[in-house]
Amino acid sequence: VFDCSHGACIAPMRTTRVMDRFLDRAGVNSDTGGAMTAEAYMFGPFRVVGRDGSELTPTGQVRRAILAVLLMSPGRSCTKQYLVDLFWAQSEPTKSRASLRTALSTLKKELAPLGDDVITSDRYHVRLSGRALTVSLGQGAESAQLPLLQDLDVEARGSDGFEEWLRDMRLRHS
């Protein structure tokens, strides 16, 4: 089990569909200032699909993994240091922080259809807007057959923390 004593513990999240009632057929949510909304599918291959059917899944493995961690974090927020520890623990601190900044910048661009504030950060934290993305942990027998985040395989040096986090999440949701 991943050590969560530093206050950035990752807990399982239940399916949220509260915002669905506000969505129109085009997938635009009035609560997000007219930006598109999307659903993140966590069982089977990780995917982010706009309500209009557009594919919004980030292209890089590390960026997809960062998004998955944020989606499953309490309050959809975690510390930057926690993300650095998950993905770049063996890198020099300056380089690892730069890698995180680059990954977050690219991720924001990839998720731009969901609004400018889909990912926000300050000096210490990264937050994911709860309005733009809903999480589907699956329903019924079909999703029970699929592993959580089936295709996330981050082979970056120093990503042992993420692999441990992923094993823990899979155990919690099996």
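Anything mentioned here points back to the structure above.
Basis of the calculations
Throughout this description, residue numbers start from 1 for each chain and increase along the sequence as written. A pLDDT threshold of at least 70 governs which residues receive local features in this predicted model, and a stricter bar of 80 or more applies before side-chain atom pairs are shown or counted, although totals over entire chains, interfaces and linings include all residues. To obtain the side-chain values, all non-hydrogen atoms of the structure were used and water was disregarded. The pairing criterion for strands is at least two bridges between them, as found by DSSP. Numbering of helices and strands runs from the N terminus; a helix is a DSSP stretch of H or I covering at least four residues, while a strand is a stretch of E covering at least two. Comment: axis = line fitted to C-alpha atoms, over the contacting stretch for helices; angle = value between 0 and 180 degrees taken between N-to-C directions. Basic side-chain nitrogens of Lys or Arg form a salt bridge, by our definition, when they fall within 4 Å of a carboxyl oxygen of Asp or Glu. Each residue gets one of three labels from its accessible area relative to the maximum for its type: buried under 20%, exposed over 50%, partly exposed in between, using a 1.4 Å probe on protein chains only. Reported orientations rely on four angle classes, namely roughly parallel under 35 degrees, roughly antiparallel over 145, roughly perpendicular from 65 to 115, and oblique for the rest. A contact between two residues is defined here by any heavy atoms of the two lying within 4.5 Å. Note that Gly is not counted as nonpolar here; it falls among the polar residues with everything else outside the nonpolar set of Ala, Val, Leu, Ile, Met, Phe, Trp, Tyr, Cys and Pro and the charged set of Asp, Glu, Lys and Arg.

Sheet strands line up and pair through hydrogen bonds in the backbone, either parallel or antiparallel. Spatially, S2-S1-S6 is the arrangement adopted by the three strands of the open sheet, whose pairing is mixed. Among the strands making up the open sheet, the edge pair consists of strand S2 (47-50) and strand S6 (133-136). If you compare each strand with its neighbour and ignore which way they point, the axes differ by 25° on average. The pairing of strand S1 (residues 38-41) with S6 spans four bridges and is classified as parallel. From the neighbouring strand, Ala38 faces S6, where its bridge partner is Leu133.

Moving on, we come to the pattern of salt bridges. Applying the stated criterion across every chain, the model contains seven salt bridges. Between Arg63 and Glu110 there is a salt bridge whose closest N-O contact spans 3.0 Å. Highlighted residues: Arg63 in helix H1 (residues 61-72) and Glu110 in helix H3 (residues 93-110), separated in sequence by 47 residues. Residue Arg172 is joined to Asp168 by a salt bridge in which the shortest nitrogen-to-oxygen separation is 3.1 Å. Here the residue Arg172 and the residue Asp168 both occupy positions in helix H5 (residues 160-172), the gap between them amounting to four residues, near one helical turn.

Of note, Arg76 is a non-glycine position whose phi angle comes to about 50°, a positive value. Mapped onto the elements, Arg76 comes out in the loop between H1 and strand S3 (77-79). Overall, Arg76 belongs to the buried group, its relative accessible area being 5%. Of note in this structure, Leu149 is not a glycine but carries a positive phi near 50°. Note on placement: Leu149 falls in the loop between helix H4 (140-144) and H5.

Further remarks concern the packing of helix H2 (residues 80-87) against H5. Direction vectors running N to C along H2 and H5 enclose 95°, while the axes themselves pass 4 Å from each other. One way to sum up the angle between H2 and H5 is to call them roughly perpendicular. Taking contact as the criterion, the partners of Tyr82, Asp85, Leu86 and Phe87 in H2 are, on H5, Asp160, Gly161, Phe162 and Trp165. Residue classes in the contact of H2 with H5 are distributed as five nonpolar, one polar and two charged.

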